[in-house]
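# A closer look at the structure
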Amino acid sequence: MAHIVIDDSELLEKAIKRFKRMVEKEGIIREFKKREYFEKPSTILNRKKKSIARKLMKKTRKGRGEY
């Protein structure tokens with residue numbers, strides 16, 4: 001959970017920017033968007049398989065020196 005403490009001398013804009021960085025770093029917005037709608041287990045599995053296949057393809061292309 002993102003939590004920041006604001007000093008009296010700190011500008012509000014600076015505190016908001018710090019909060020946004022913290023939220024981005026923790027992946028809160030990404031997680032929210034992922035859970036915004038129900039996704040069937042089969043869809044999740046297919047998405048993960050495709051992701052793994054893309055990573056493997058990219059890794060094999062890098063290993064051969066092709067771009």
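Please read these numbers as outputs of a predicted model, since none were measured by experiment.

Turning to the overall build of the protein chain, a few remarks are in order. When its secondary structure is counted, the protein chain shows 3 helices and 0 strands. Reading the secondary structure of the protein chain in the N-to-C direction produces α-α-α. Taking 11 Å as the expected radius of gyration for a compact globule of 67 residues, we find that the protein chain reaches 20 Å, considerably beyond that expectation. Principal-axis analysis of the C-alpha atoms places the extent of the protein chain at approximately 55 × 35 × 15 Å. Buried positions account for 9% of the 67 residues belonging to the protein chain. A total of about 7,000 Å² of accessible surface is found on the protein chain, and carbon and sulfur atoms cover 59% of it. Averaging the locations of the 22 positively and 10 negatively charged side chains of the protein chain gives two centres separated by 13 Å.

All chains considered together, the criterion is met by 4 salt bridges. Taken together, the salt bridges that share partners define one network made up of Glu31, Lys34 and Arg35.

What follows covers helix H3 (residues 41-64). When the terminal C-alpha atoms of H3 are compared, their 35 Å separation across 24 residues agrees well with the 34 Å that a helix rising 1.5 Å per residue should span. Summarising burial for H3: 0 of the 24 residues are buried, a small minority.

Looking now at a nonpolar patch on the surface. Together, Ile6, Leu12 and Ile16 line one region of the surface with nonpolar side chains, adding up to about 280 Å² of accessible area. Tracing the chain through its elements places Ile6 in the segment before helix H1 (12-26). Taking the relative accessible area as the measure of exposure, Ile6 reaches 45% and is therefore partly exposed.

Calculation criteria
Residues numbered from 1 in each chain as written. Predicted model: local features only at pLDDT ≥ 70, side-chain atom pairs only at ≥ 80, totals over all residues. Heavy atoms only, no water. Helix = DSSP H or I, 4+ residues; strand = E, 2+ residues; numbered from the N terminus. Rg over C-alpha atoms; globule rule 2.2 N^0.38 Å. Buried < 20%, exposed > 50% of the residue type's maximum accessible area, 1.4 Å probe, protein only. Areas by Shrake-Rupley, 256 points an atom, 1.4 Å probe, with all protein chains shown as cover. Lys, Arg positive; Asp, Glu negative; His and termini not counted. Charge placed at Lys NZ, Arg CZ, Asp CG, Glu CD. Salt bridge = Lys/Arg side-chain N within 4 Å of Asp/Glu carboxyl O. Expected span 1.5 Å × (residues − 1). Patch = residues over 30% accessible without salt bridge, like charges linked within 9 Å, V, L, I, M, F, W, Y side chains within 5 Å.

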